[in-house]
Amino acid sequence: MSAGQPPRREVVTGVPRGARRRPGHAPARSEISEQTPIGTVYVRSLMRSQLRAALYALGALALLVGTLPLLFAFPAAVLGSFSSPQPFVWAVLGVGVYPLMWLTARWYVRRAERNEEDFTGLVEGR
């Protein structure tokens, strides 16, 4: 360059639009597949939420099953000497316990699916 010539102008542009982000490729997905520390955090958060839901369901079932002996002793305590508590026991098990166990299992499955949907939304950037 000589002293009399102005410096050459350069055009500055951004990243081409096609190279910015490919559809279907989210950074979190690549973090997980490449097993980076950030990907590990994503997976651990999913595992933690699934474990939390499982522990809630287990606690509810333990509370339900743990109170059954008290419930079975209830007729003898109220009615005095109860000759045969079998009809009451079968009624409690058939009408009370199994539907509650089914509802708890249904809640857990729905919660686990919701956790996975939330995780998928996070990974795919929705």
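For clarity, every value in this text was computed on a predicted model and none was experimentally measured.

(A) Local environment of the overall build of the protein chain. Helices and strands together make up the secondary structure of the protein chain, namely five helices and zero strands. The linear arrangement of helices and strands in the protein chain, starting from the amino end, is α-α-α-α-α. A burial count over the protein chain gives 17% of its 126 residues as buried. For the protein chain, restricting intrachain contacts to residue pairs at least 6 apart in sequence, the fraction spanning at least 24 positions comes to 68%. In the structure as shown, the protein chain presents an accessible area of about 10300 Å², 62% of it carried by carbon and sulfur atoms.

(B) Broad picture of a nonpolar patch on the surface. Together, Leu51, Leu55 and Leu58 make up an exposed nonpolar region whose accessible area comes to about 310 Å². Mapped onto the fold, leucine 55 is located in helix 3 (residues 37-66).

What counts and how
- Residues numbered from 1 in each chain as written.
- Predicted model: local features only at pLDDT ≥ 70, side-chain atom pairs only at ≥ 80, totals over all residues.
- Heavy atoms only, no water.
- Helix = DSSP H or I, 4+ residues; strand = E, 2+ residues; numbered from the N terminus.
- Buried < 20%, exposed > 50% of the residue type's maximum accessible area, 1.4 Å probe, protein only.
- Contact = heavy atoms within 4.5 Å.
- Areas by Shrake-Rupley, 256 points an atom, 1.4 Å probe, with all protein chains shown as cover.
- Patch = residues over 30% accessible without salt bridge, like charges linked within 9 Å, V, L, I, M, F, W, Y side chains within 5 Å.
- Salt bridge = Lys/Arg side-chain N within 4 Å of Asp/Glu carboxyl O.

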